[in-house]
Amino acid sequence: MSYVYRRANGLFEIRYPIPADVVSYFPKPKGKGVRSHIIKSLGTRDQKEANKAAVERAKEIEAVFSALRDGVASDEFKAFCRIAFEQETAIITDSFLNAEFGKELRVGERLAETRSALNGTDVEQLEAVAGWLVDHFLSTTTNNCATVPKDTPARNAMLMAAASVLSDVYTQGLATVRGMTIPPKPKSPYLLTEPADAPAVGDNIPLTSEGHKSLEQYWEVYETIKQASSSPVQAKTLARRQTAWNEFHQLTGSSLSLFKVQKSHIWAYRDALTKAPARSGSIIELRDLSFPEKLKKADEGNYARLDRGTIADRLRQIQAVFQLAVDRGHLANNPARGVTESSLTSKPHRKAYTTEELQIIFSSEPYDKAWQLEEQNDTFWVPLLGLFMGARASELYLRMEDVFEDDEHPHICVVDYKERSLKNRASERIIPIHPQLVELGFLDYCRRMRAKGDELFPEWEFRKGQKPSESASRRRFNRHLKRLFPDRDFPADTHTFRHTFENALSASVISERIARRLAGRSLGGGLPHRGDPPDLLARRFQSSSVHAATSL
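In this report, we go over the structure that sits alongside the text. Counting from 1, residues in each chain are numbered in the order their sequence is written. The model is predicted, so local features are restricted to residues of pLDDT at least 70 and side-chain atom pairs to those at 80 or more, both for listing and for counting; the totals for chains, interfaces and linings are taken over all residues. Side-chain numbers here rest on the full set of heavy atoms in the structure, without hydrogens or water.

Here we look at the overall build of the protein chain
Step number 1: Every helix listed is a DSSP run of H or I at least four residues long, and every strand listed is a run of E at least two residues long, numbered separately from the N terminus. If you tally the helices and strands in the protein chain, you get 21 helices and 6 strands.
Step number 2: For every residue, the accessible area (1.4 Å probe, protein chains only) is compared with the maximum for its type, and the residue is labelled buried under 20%, exposed over 50%, or partly exposed between those bounds. For the protein chain, with 552 residues in total, the buried portion stands at 45%.
Step number 3: Across the protein chain, every contact between residues at least 6 apart in sequence was considered, and the portion connecting residues at least 24 apart equals 68%.
Step number 4: Using a 1.4 Å probe, the Shrake-Rupley method yields the accessible areas, and only the shown protein chains count as cover for residues. Of the roughly 28600 Å² of accessible surface on the protein chain, 50% is carried by carbon and sulfur atoms. We call two residues in contact when some of their heavy atoms are within 4.5 Å.

Here it is in structure tokens:
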């Protein structure tokens, strides 16, 4: 399990990261900042036993975070209030019954005075009479490892809640002193029994209060935790994940508790996706409809349906949200795990262009005319670079400082920019410029762009939340490809040139490791970095049969 480490003495321990939203409650001694992890011994030298123990410790620690995060609204605080009420009431009753004869009146007077103080709003007074109960809650719940500073909104809320509970305790005590046979009902909202969904057969197991939240409410929990973690997701991935989650809870029932979701709900969502309209956000009459309403419209109208790749991606996004709920101890199981269908994976999402298709593409516009150097732009070069270099269109947003056209082996360096991030770490790589591109005049184009400015394709425009590759020219060319191959079973777009390149690599004599580097696929080992000599890659690339396999 993650977070499990072996100490020098052989014992295992858990080092559990403290989320950013509660880290201020975990100060280091003597004001030396805050702690980053909760570290606890697992009491064993056996790895398997340590992993089992770590799961239970993680649940306990997540319960601490939940109590600190939600404060008086947490299930832990409410449960503590009920126990404190019962125990303190019993103590006061016993004190009265055991009081010496003649002292009962003084007991009643003290109870009345304390109750009067508890009903006030002065924070210092509440701290004096109810602060001990708040401290007791924090010490028992967080195992003495967290501190809520005084005179903060969180602690003041706890003081008010503790005061209302103790006020009810002393009201019960006065009733006993006065001999009332039926004591008054508690008034504190933290002592009222709240209706809660009880787990039924087939339900998941809610481990914390987050597991009881509705599907609609849980998204905020997920986003807060995930984006504050050491591995936040990129904005576009988060947007896709939110889209899938919104569709899911709109279809399943937004008020349904998280732990009530069963695998059948995920399958129902998967089946609904096969009937859902594609690109509904771009269609005016569908844009503002809920997911069930979009499904109804799709039945009534002639809309294109989601492709298999999009359906698989939606399911992955749902699974990711539930997996965080499991990892953080909110749920016991991930109901979305394993919800796939052979039809989604038995056929590839894309298929490389055939030689005949390439001949059709590069005999039609914009390649049906001679392009003068002054006229060349991304419309002309992006499909060719995808075909001969395997670059994703988004990776072709390049600065001229990363284009080396005058080296012994001309190449480009694909690196992260502020304007756009790469898909993954393996995407940062060196790509030799194919000899066919040199023959077509790409180096001349690069030298011309270097003389004009800092960008390879300066005409690319940015729109909020979109990559620069999603330009009007690329969309026009994609529509052109669809018109060329209206009956193609697989997508016809610029990204398919990358798959054509990869197929050519697999048919070549290049080793798999070099081929994966050129394509920007994960290797599981070291990757070339900017500044590494590209000689070996370029030589292996140019000596291969890739040139022949991808020649037009």
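Some details on the packing of aromatic side chains
Step number 1: Aromatic rings from Phe, Tyr and Trp, taking only the six-membered ring of Trp, are treated as a pair when their centres fall within 6.5 Å; an angle between ring planes under 30 degrees marks them as stacked, one over 60 as edge-to-face, and anything in between as tilted. Tallied over the full model, the rule gives 22 aromatic pairs.
Step number 2: Among the aromatic residues, those joined into a ring-pair cluster are Tyr353, Phe362, Tyr367, Trp371, Phe380, Trp381, Phe442, Tyr445, Phe457, Phe485 and Phe497.
Step number 3: Taking NZ or CZ as reference, Arg15 lies 4.2 Å from the ring centre of Tyr5, over its face.
Step number 4: The lysine or arginine in question, Lys369, covers the ring of Trp371, its NZ or CZ lying 4.9 Å from the ring centre. Placement of a positive charge over a ring is assigned whenever Lys NZ or Arg CZ falls within 6 Å of the ring centre and within 35 degrees of the normal to the ring plane.

Remarks on empty space enclosed by the protein
Step number 1: Residues are said to line a cavity or pocket when one of their atoms sits within 4 Å of a point; the points come from a 1 Å grid over protein atoms alone, cavities being sets where a 1.4 Å probe fits but cannot get out and pockets being open sets with protein on both sides within 12 Å along at least five of seven lines. Grid points are joined across faces, edges and corners, and a volume is the space filled by probe spheres set on the points. Taken as a whole, this structure holds 2 cavities of 30 Å³ or more when the rule is applied.
Step number 2: Approximately 50 Å³ is the volume found for the second largest cavity.
Step number 3: Lining the second largest cavity we find Val382, Gly386, Ala391, Arg392, Ala393, Leu396, Arg474, Thr494 and His495.

Comments concerning the packing of helix α7 (residues 235-252) against helix α11 (residues 308-327)
Step number 1: In contact at an axis separation of 9 Å, α7 and α11 are set at 90 degrees when each is read in the N-to-C sense. Viewed along their axes, α7 and α11 adopt a mutual orientation that is roughly perpendicular. Mapping the contact onto sequence places Thr237, Arg240, Arg241, Thr243, Ala244, Trp245, Glu247 and Phe248 in α7 and Asp313, Arg314, Gln317, Ile318, Ala320, Val321 and Phe322 in α11.
Step number 2: Residue type decides the class: Asp, Glu, Lys and Arg count as charged, Ala, Val, Leu, Ile, Met, Phe, Trp, Tyr, Cys and Pro as nonpolar, and the leftover types, Gly among them, as polar. For the contact of α7 with α11, a count of residues per class yields 7 nonpolar, 3 polar and 5 charged. The axes are straight lines fitted to the C-alpha atoms, using for helices just the contacting stretch, and the angles between their N-to-C directions are given from 0 to 180°. Here is the rule for angles: anything less than 35 degrees is roughly parallel, anything more than 145 is roughly antiparallel, 65 through 115 is roughly perpendicular, and the remaining ranges are oblique.

Observations regarding a positive patch on the surface
Step number 1: Only residues above 30% relative accessible area that lack a salt bridge enter a patch, with like-charged residues linked at up to 9 Å and the nonpolar side chains Val, Leu, Ile, Met, Phe, Trp and Tyr linked at up to 5 Å. Salt bridges are defined as contacts in which a side-chain nitrogen from Lys or Arg sits within 4 Å of a carboxyl oxygen from Asp or Glu. Counted as positive: Lys and Arg. Counted as negative: Asp and Glu. His and the chain ends are not counted at all. Charge coordinates come from a single atom per side chain, which is NZ of Lys, CZ of Arg, CG of Asp or CD of Glu. There is a patch of like positive charges on the surface, built from Arg475, Arg476, Arg479 and Arg483.
Step number 2: Structurally, Arg483 is set in helix α17 (residues 472-484).

Focus: the pattern of salt bridges
Step number 1: Scanning the model with the defined rule gives 16 salt bridges in all.
Step number 2: One salt bridge in this structure joins Arg7 and Glu13, with 2.4 Å as the shortest N-O distance.
Step number 3: Of the charged contacts, one joins Asp135 and Arg155 as a salt bridge, the two residues approaching to 2.9 Å between their closest N and O atoms. Remark: Arg155 occurs in helix α5 (residues 153-177) and Asp135 occurs in helix α4 (residues 123-142); sequence separation between them is 20 residues.
Step number 4: When its relative accessible area of 39% is taken as the criterion, Asp135 is described as partly exposed.

A closer look at the pairing of strand β2 (residues 12-17)
Step number 1: Pairing geometry for strand β1 (residues 4-6) and β2, over 3 bridges, is antiparallel. Residue pairing for β2: Tyr5 is matched across the bridge by Glu13.
Step number 2: Linkage of β1 to β2, two consecutive antiparallel strands, is achieved through a turn of 5 residues, within which Gly10 is found at a positive phi near 95 degrees.
Step number 3: At least two DSSP bridges between two strands are required for those strands to pair. As judged from the 5 bridges shared by β2 and strand β3 (residues 37-41), these two strands associate in the antiparallel manner. Bridging from a neighbouring strand, Tyr16 pairs with Ile38 of β3.

Structural notes on the environment of Val134
Step number 1: On the secondary structure map, Val134 appears in helix α4.
Step number 2: Given a relative accessible area of 1%, Val134 falls into the buried group.
Step number 3: For the pair formed by Val134 and Ala161, sequence separation is 27 residues and the distance between their alpha carbons is 9.0 Å.
Step number 4: With near-sequence residues (within four places) excluded, Val134 lies in contact with Arg155, Met158, Leu159 and Ala162.

Quick notes on the side chain of Gln376
Step number 1: In this structure, Gln376 sits in the loop between α13 (355-361) and α14 (378-389).
Step number 2: The buried category is assigned to Gln376, whose relative accessible area is 10%.
Step number 3: We call two N or O atoms a polar contact when they sit within 3.5 Å, provided that within protein one can donate a hydrogen and the other can accept it, with sequence-adjacent residues counted only if both atoms are side-chain atoms. Within the structure, Gln376 has its side chain in polar contact with the side chain of Trp381 (distance 3.1 Å).

Some thoughts on unusual backbone geometry
Step number 1: Backbone torsion omega between Glu365 and Pro366 reads 5 degrees, so that peptide bond is classified as cis.
Step number 2: With respect to the element layout, Pro366 can be found in the loop between α13 and α14.
Step number 3: The backbone of Arg279 sits at a positive phi, close to 50 degrees, despite the residue not being glycine.
Step number 4: As for its position among the elements, Arg279 is in the loop between α8 (263-273) and α9 (284-287).

Description of the packing of helix α6 (residues 215-227) against α7
Step number 1: As a packed pair, α6 and α7 sit with axes 10 Å apart at the nearest point and diverge in direction by 160 degrees. If you check the angle between α6 and α7, you find them roughly antiparallel. Along this stretch, α6 crosses α7, giving a crossing that reads as right-handed. Between α6, through Leu215, Glu216, Tyr218, Trp219, Tyr222, Glu223 and Gln227, and α7, the contact on the second element is made entirely by Leu238, Arg241, Gln242, Trp245, Phe248, His249 and Thr252.
Step number 2: Partitioning the contact of α6 with α7 into residue classes produces 7 nonpolar, 4 polar and 3 charged. We call a crossing left-handed when the near helix sits turned anticlockwise from the far one by less than a right angle, and right-handed when that turn is clockwise.

Quick notes on the sheet that holds strand β6 (residues 429-432)
Step number 1: Across the sheet, which stays open at both edges, the 3 strands sit in the order β4-β5-β6 with antiparallel pairing between neighbours. Edge strands, defined here as strands with exactly one partner in the open sheet, are β4 (403-404) and β6.
Step number 2: Note: β4 against strand β5 (residues 411-414), 2 bridges, orientation antiparallel. Paired with Val403 across the strands is Ile412, a residue of β5.

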